[in-house]
Amino acid sequence: MKIKNNHPSPQFARESIVLLNGEWEFNYEKRKSKVRFSKDYTLAKRLLKENSFPYKINVPFCPESELSGIGFTGFISRVMYRKAVNIKKNGNRVFLNIGAADYLTTVLVNGIPCGRHKGGYTPISLEITDAVKDGENEIFILCEDDVKNSLICRGKQSEELLSHGCDYTRTTGIWQDVYIEYKPQNYIKSIKLYPDPDNGILTVFAQLEGSGNLCAEAFYNEKAVGKESLNSTNGTAVLQLKLDEIHLWELGNGRLYDLKLTFGDDAVYSYFGLRSVKLENMKFFLNNKSVFMRLVLDQGFYPKGIYTPENDEERLADIRLSMKLGFNGARLHQKVFEPRYLYLCDREGYMVWGEYPNWGLDYSDPRAVDIFLAEWGEALERDFNHPSIIGWCPFNETWDYKGRKQYDPLLAAVYDYTKAVDSTRPCIDTSGNFHVKTDIYDLHDYRYDPEEFKKSFDRFVTENYLYEHVLLDNKNRQVYNGEPVFISEYGGIKWESDKAHKSWGYGVDVKTEEEFLERYAGLTKAIIDNPKLFGFCYTQLYDIEQEQNGLVTYTRKPKFSEKTYKKIRAVNTLTAAVEKDESEG
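Quantities reported herein were computed from a predicted structural model and do not represent experimental measurements.

## Focus on the overall build of the chain
Each helix and strand in the chain was counted, giving 9 helices and 31 strands. Taken over the C-alpha trace, the chain has a radius of gyration of 24 Å; the compact-globule value for 585 residues is 25 Å, and the two agree within 12%. In terms of overall dimensions, the chain has C-alpha extents of about 70 × 60 × 45 Å along its principal axes. Burial analysis of the chain (585 residues in total) assigns 61% to the buried set. Residue pairs in contact within the chain that sit at least 24 positions apart in sequence constitute 73% of those at least 6 positions apart. Put simply, the chain shows about 22900 Å² of open surface, and 48% of that area lies on carbon and sulfur atoms. Once the 76 positive and 86 negative side-chain charges of the chain are each reduced to a mean point, those two points are 2 Å apart.

Pasting the structure below:
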């Protein structure tokens, strides 16, 4: 079962795909004034008819990137793609899949409208069966975008012409894999996997198109370890596989099971990890064992591809760099990472938080509820089955939006929706602030003096006092109600590596490696040694353009000596107070 090694969607893979990455005909329009989005297919039809497509672009790389072959980094309002594709139906249904395209995507096949999708970070799957014929077909994709629109999630894409602070080069249009997928008339639409390591059981919830017999087979190292089937006539099926062998998904060792599902002529290949997560007694538990989160912030930016890494080697290098430095996971920050990245996290035993790029969205506007829930729901649906994802975080730092407070019912509704979709993982409503309804009370603290930093959290131990925030009096904005606590952003120590940019970071600059290491160790140990904190997340793994507070450069080159990196690892892997407490108990 090697299909996951090269499929764009390793957890839901069919053999019958045709990858459309590579050269497409291309054109784009620079932003001249306020962007007005199309309301139907009229604009797409006109642009297809009028455009000469003078450029060639390398899909799936965005036109702002070097790897796309375009490299235009100014404001872009529209991008247009055209490609001739040979198709053979052979009695199958035909689907066009786009991993992600930013923001409003419209698809014509042979000039026939086939679908529209809003959202820059979630997958698009459109049935194009009735629009295609055997032989050559023309696929046209229009993407419209506007990072200045207050009802669009842009994440860390700069709303100003140039990158600034902690906002970076924009991504417009297609930035994940594009492929044709053939399915039989009756097929598996989706699956949700519920592993139960305590009892050695995998429960499969399947949504089906049509009626027939669904069969699920589990394998470990190619050895069959479980099989179950049933007949479905109502479009759904629930199977429970009793596993003959129990191999736990653990940190540093993914131990993935392969899973094959068949439904009539349809075959889907997937995988799962056998693990459980929970919060209890102010701690985080993985497989009923207390685990201290040693996380690093990873924003998923790449010098040549912007949002899109060049290959799996580039993805894997970041994961292994993090693990080498003593981290056991990451906050995947302000971006929905592509399925292949998550597959590698699953395989390596690297835990991550699933987040959504909410920045840019006016979270004080009640209209944001419908917009955000639609996009967030697609992210939850796509990534539910990844064992590496141990928690959800839909929002990050919901500061006042142009002087207006966040709309609290938005955060509460998204939390409730998340827990309704997935009761198996904890959910942080908004990382850092301002909490409304949350499983974890996390904090962002960029104070740079280790002694001051430590004193504030020592008060949490001795006086049960948890300050609301160093910068604001938040007593009327969020209240600590005894939830488990971890410091989900801290540090951000600037060490300039690229003088071409006006560098940016947190706190007073350090001047020597020794001073850097002293601050890093002091801040990190203050968290590790606190018995009421169950984890940390350091900002950040690598520099991004002008934000030069990473542990390596943007090109992933060392910033420090090997001796310093060994000391960073030594600090990161110190036994935490909560771990000592568990061993003593």
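Moving on from the coordinates now.
## Quick word on the pattern of salt bridges
Opposite charge on two side chains makes pairing possible when the charged atoms of those side chains draw close. Within the structure shown, the criterion is met by 37 salt bridges. A salt bridge links Asp416 to Lys437, with the shortest nitrogen-to-oxygen separation between them at 2.7 Å. Taken together, the positions of Asp416 in helix α5 (residues 408-421) and Lys437 in the loop between β28 (430-431) and β29 (443-445) put the pair 21 residues apart, joining distant regions of the chain. Overall, Lys437 belongs to the partly exposed group, its relative accessible area being 36%. The structure contains a network of salt bridges with shared partners spanning Asp312, Arg315, Glu338 and Arg340.

## Comments concerning the pairing of strand β21 (residues 283-286)
Going residue by residue along β21, you find Lys283 and Phe285 tucked away on one face and Phe284 and Leu286 tucked away on the opposite face as well. Sheet topology places strand β20 (residues 277-280) next to β21; 4 bridges connect them, and they run antiparallel. In the strand pairing of β21, Lys278 is matched with Phe285. The antiparallel pairing of β20 with β21 creates a hairpin that spans 2 residues between the two strands, and Asn281 there sits at a positive phi of about 55°. Across 2 bridges, β21 lies against strand β22 (residues 289-290) in antiparallel orientation. Bridged to Phe285 within β22 is Ser290. Remark: 2 residues form the turn of the hairpin made by β21 and β22, two consecutive strands paired antiparallel; Asn287 in that turn has positive phi of roughly 55°.

## A look at the environment of Lys563
Checked against the element boundaries, Lys563 lands in helix α8 (residues 562-572). C-alpha of Lys563 to C-alpha of Thr129: the two residues are 434 residues apart in sequence and 59 Å apart in space.

## Observations regarding the nonpolar core
Note on soluble globular proteins: their nonpolar side chains tend to be buried together. Among the nonpolar cores identified, the biggest contains 103 residues, and Phe284, Trp353, Phe372, Leu410, Phe516 and Tyr520 are the most heavily contacted of them. Top element by residues in this core is helix α7 (residues 513-528). It accounts for 8 residues. Those residues within four positions of Tyr520 in sequence are excluded, and the remaining contacts are Phe327, Ile493, Tyr538, Leu551, Ile568, Val571 and Asn572. Membership of the second largest hydrophobic core comes to 30 residues, among which are Val59, Val94, Leu96 and Ile124.

## Looking at the side chain of Arg78
Mapped onto the elements, Arg78 comes out in strand β4 (residues 76-87). Under the relative-accessibility criterion, Arg78 is labelled buried at 18%. Not counting chain neighbours up to four residues away, the residues in contact with Arg78 comprise Asn27, Tyr28, Glu29, Arg36, Leu43, Leu47, Leu142, Cys143 and Glu144.

## Remarks on the packing of helix α4 (residues 368-383) against α5
One way to put it is that α4 packs onto α5 with a least axis distance of 10 Å and a crossing angle of 25°. In terms of axis orientation, α4 runs roughly parallel to α5. Every pair of crossing elements has a handedness; the one defined by α4 and α5 is right-handed. Residue-level inspection shows Ala368, Val369, Phe372, Leu373, Trp376, Gly377 and Leu380 of α4 in contact with α5, the latter providing Leu410, Ala413, Val414, Tyr417, Thr418 and Val421. Its residues placed into classes, the contact of α4 with α5 shows 11 nonpolar, 2 polar and no charged.

## Here we look at unusual backbone geometry
Of the consecutive residues Val59 and Pro60, the connecting peptide bond is found in the cis state with omega at 20°. Position of Pro60 among the secondary structure elements: in the loop between β3 (55-59) and β4.

## Let's talk about the sheet that holds strand β14 (residues 201-209)
If you walk across this open sheet you meet the 3 strands as β13-β14-β17, and the pairing is antiparallel. Taken across any chain shown, the strands that pair with only one partner, and hence form the sheet edges, are β13 (187-196) and β17 (236-242). Neighbour-to-neighbour, the strand axes of the sheet open up by a mean angle of 20°, direction not taken into account. The sheet contact formed by β13 and β14 spans 9 bridges and is antiparallel. Bridged to Ser190 within β14 is Gln207.

## A closer look at the sheet that holds β22
Hydrogen bonds along the backbone pair up the strands of a sheet, which may run parallel or antiparallel. Strand order in the open sheet made by the 3 strands is β20-β21-β22, with antiparallel pairing throughout. What marks the edges here is a single partner per strand, and that holds for β20 and β22.

## As for the side chain of His386
Residue placement: His386 occurs in the loop between α4 and β26 (389-393). Accessibility expressed as a relative area gives 2% for His386, which makes it buried. Among all residues touching His386, those that are not within four sequence positions of it are Gln11, Tyr271, Arg275, Pro339, Leu342, Tyr343, Asp346 and Arg425.

## A short note on α4
The first and last C-alpha atoms of α4 sit 22 Å apart over 16 residues, in line with the 22 Å expected at 1.5 Å per residue. Within α4 the residues assigned to the buried category are Ala368, Val369, Phe372, Glu375, Trp376, Gly377, Ala379, Leu380, Arg382 and Asp383. Check the buried side of α4 and you find it contacts β8 (112-118), α3 (339-348), β25 (351-355), β26, β27 (395-396) and α5.

## Notes on helix α2 (residues 312-324)
The terminal C-alpha atoms of α2 lie 18 Å apart, and with 13 residues this matches the ideal 18 Å at 1.5 Å per residue to within 8%. Buried within α2 we find Asp312, Arg315, Leu316, Asp318, Ile319, Leu321 and Ser322. Buried residues along α2 sit against β23 (293-298), β24 (329-332) and α3. The backbone nitrogen of Glu313 has a side-chain oxygen 3.2 Å away, supplied by the residue at the start of α2, namely Asn311. Count one or two residues on from α2 and you reach Gly326, which has phi positive near 95°.

The rules behind the values
Residues numbered from 1 in each chain as written. Predicted model: local features only at pLDDT ≥ 70, side-chain atom pairs only at ≥ 80, totals over all residues. Heavy atoms only, no water. Helix = DSSP H or I, 4+ residues; strand = E, 2+ residues; numbered from the N terminus. Rg over C-alpha atoms; globule rule 2.2 N^0.38 Å. Buried < 20%, exposed > 50% of the residue type's maximum accessible area, 1.4 Å probe, protein only. Contact = heavy atoms within 4.5 Å. Areas by Shrake-Rupley, 256 points an atom, 1.4 Å probe, with all protein chains shown as cover. Lys, Arg positive; Asp, Glu negative; His and termini not counted. Charge placed at Lys NZ, Arg CZ, Asp CG, Glu CD. Salt bridge = Lys/Arg side-chain N within 4 Å of Asp/Glu carboxyl O. Pairing = 2+ DSSP bridges. Core = buried A, V, L, I, M, F, W, Y, C linked by side-chain atoms within 4.5 Å. Axes fitted to C-alpha atoms, helices over the stretch in contact; angles between N-to-C directions. Parallel < 35°, antiparallel > 145°, perpendicular 65-115°, else oblique. Left-handed = near helix turned anticlockwise from the far one by under 90°. Nonpolar A, V, L, I, M, F, W, Y, C, P; charged D, E, K, R; others polar. Expected span 1.5 Å × (residues − 1). Polar contact = N/O pair within 3.5 Å; in protein donor to acceptor, adjacent residues only side chain to side chain.

What is shown is where atoms sit, not what they do.
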